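# Architecture and fold: a report
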Amino acid sequence: QEHPTKKGNVDNSSSQPPSTKKTHSADAAGPIDVDPKLLEKHASFASQLADIARNEIVPYWRQSRHVLGQQTKLEEGRSIFQSASPVTLADRAAEFAMREMISCHFPDHGIIGEE
């Protein structure tokens, strides 16, 4: 049964064990079968990315602005008052580390980053 806050659902109609059930993702083209093993592989990789990011960010936790080297990041078409957001060395280091890991494991994947 579909969870009310999630887009996709798990096909509960088969008698297969949960680890072999197909996950469906609803989009404009209709449901797409997703290999559970591939889904597990990508979920594990996402967890590894979070660990890499954490390792880069934790040394900066609760440091002063001077230590962080914060700068103002301006968003195109917006004034400084509308878009001023801190961009820290920790943010950049985390994104760089994650980009490196993604590029090594999935060289054919594109990467869109915030920083």
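Up top you'll find the structure we're talking about.
What counts, and where the lines are drawn
Residues numbered from 1 in each chain as written. Predicted model: local features only at pLDDT ≥ 70, side-chain atom pairs only at ≥ 80, totals over all residues. Heavy atoms only, no water. Core = buried A, V, L, I, M, F, W, Y, C linked by side-chain atoms within 4.5 Å. Buried < 20%, exposed > 50% of the residue type's maximum accessible area, 1.4 Å probe, protein only. Helix = DSSP H or I, 4+ residues; strand = E, 2+ residues; numbered from the N terminus. Phe/Tyr/Trp six-rings, centres within 6.5 Å; stacked < 30°, edge-to-face > 60°. Expected span 1.5 Å × (residues − 1). Contact = heavy atoms within 4.5 Å.

Attention now goes to the nonpolar core. Ranked by size, the top nonpolar core spans five residues in total: Phe45, Leu49, Met101, Ile102 and Phe106. Those elements giving two or more residues to this core turn out to be α1 (36-57) and α4 (89-105).

With the rule as written, the count across this model stands at one aromatic pair. Aromatic side chains Phe45 and Phe106 sit 4.9 Å apart centroid to centroid with 80° between the ring planes, which places their arrangement in the edge-to-face category. Here Phe45 is found in helix α1, whereas its partner Phe106 is found in the segment after α4, with 61 residues between them in sequence. On the basis of relative accessibility, which here comes to 9%, the residue Phe45 falls in the buried class.

Before going further, it helps to examine α4. Side chains three or four residues apart in an α-helix point the same way, a direct result of the helix having 3.6 residues per turn. Helix length check: α4, at 17 residues, gives a terminal C-alpha distance of 24 Å against a target of 24 Å (1.5 Å per residue), a fit within 8%. Those residues of α4 lying buried are Ala90, Ala93, Ala94, Glu95, Ala97, Met101 and Ile102. Tucked into the core, α4 has its buried residues touching α1.

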